[in-house]
Amino acid sequence: MLNRLEQAGLVVGEFRAAERGPGRRYYRLTDQGRGRLAAESGAWLDFHTAVRDKLSAGGTP
């Protein structure tokens, strides 16, 4: 999943060597990734609100 986000330009990965054990890959959001996160977060909140409202009404139309 992170590889796909990196290919899409939404995150940048960096390998860091560790003192003990294997090195690790760290990721950070790009500006494009921050914009996408804001847009997707808004869409998720809209969906959450719609489902919550529907469930609160007991599923009636």
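Since we're looking at a predicted model, the values are computed, not measured. (Residues numbered from 1 in each chain as written. Predicted model: local features only at pLDDT ≥ 70, side-chain atom pairs only at ≥ 80, totals over all residues. Heavy atoms only, no water.)

**Details of the overall build of the protein**
Our working definition: Helix numbers and strand numbers start at the N terminus; a helix is a DSSP run of H or I with at least 4 residues, a strand a run of E with at least 2. Here the globule rule reads 2.2 Å times residues to the power 0.38, and the radius of gyration is calculated from C-alpha atoms. Three exposure classes are used, based on accessible area relative to the maximum for each residue type with a 1.4 Å probe and protein chains only: buried under 20%, partly exposed in between, and exposed over 50%. Residues count as neighbours in contact if any of their non-hydrogen atoms are within 4.5 Å of one another. Computed with a 1.4 Å probe, the accessible areas rest on the Shrake-Rupley method; for each residue, only the protein chains presented here act as cover. When charges are tallied, Lys and Arg are placed among the positive residues and Asp and Glu among the negative ones, while His and the ends of the chain are skipped. Charged groups are reduced to one reference atom each: NZ for lysine, CZ for arginine, CG for aspartic acid, CD for glutamic acid.
Each helix and strand in the protein was counted, giving two helices and two strands. In the protein, the succession of α and β elements from N to C terminus is α-β-β-α. Computed over C-alpha atoms, the radius of gyration of the protein comes to 19 Å, more than 25% over the 10 Å expected from 2.2 N^0.38 for 61 residues, which places it beyond the range of a compact globule. Its C-alpha atoms give the protein principal-axis dimensions of about 60 × 25 × 15 Å. Out of the 61 residues belonging to the protein, those deemed buried represent 8%. In the protein, the proportion of contacts linking residues at least 24 apart, taken out of those at least 6 apart, comes to 12%. Accessible surface, the protein: about 5300 Å² in total, of which carbon and sulfur atoms supply 57%. Separation of charge centres in the protein, based on 10 positive and 7 negative side chains, amounts to 5 Å.

**Describing the packing of aromatic side chains**
Geometrically, a pair of aromatic rings is defined through the distance of the ring centres and the angle of the planes. Operational definition: Centre distance within 6.5 Å is the pairing criterion for rings of Phe, Tyr and Trp, where only the six-membered ring of Trp is used; planes under 30 degrees apart are then read as stacked, over 60 as edge-to-face, and the remainder as tilted. Only when the NZ atom of a Lys or the CZ atom of an Arg is both within 6 Å of the ring centre and within 35 degrees of the ring normal do we say a charge sits over the ring.
Under the definition given, this model contains one aromatic pair. When the ring of Trp44 is compared with that of Phe47, the centres are 5.4 Å apart and the planes differ by 40°; the resulting orientation is tilted. Linking Trp44 with Phe47, this pair stays in helix H2 (residues 31-56), spanning three residues, or about one helical turn. Exposure remark for Trp44: the relative accessible area of 54% places this residue in the exposed category. We note Arg16 situated over the ring of Tyr26; from NZ or CZ to the ring centre the distance is 4.3 Å.

**Quick look at the side chain of Thr30**
What counts here: What qualifies as a polar contact is a pair of N or O atoms within 3.5 Å, subject to a donor-acceptor requirement within protein and to the restriction that residues adjacent in sequence count only when both atoms come from side chains.
By secondary structure assignment, the location of Thr30 is in the loop between strand S2 (24-29) and H2. Assessed through its relative accessible area of 15%, Thr30 is described here as buried. Within the local environment of Thr30, its side chain forms a polar contact with the backbone nitrogen of Gly33, the two atoms lying 3.0 Å apart. Residues contacting Thr30, with those up to four places away along its chain left out, are Gly9, Leu10, Val11 and Val12.

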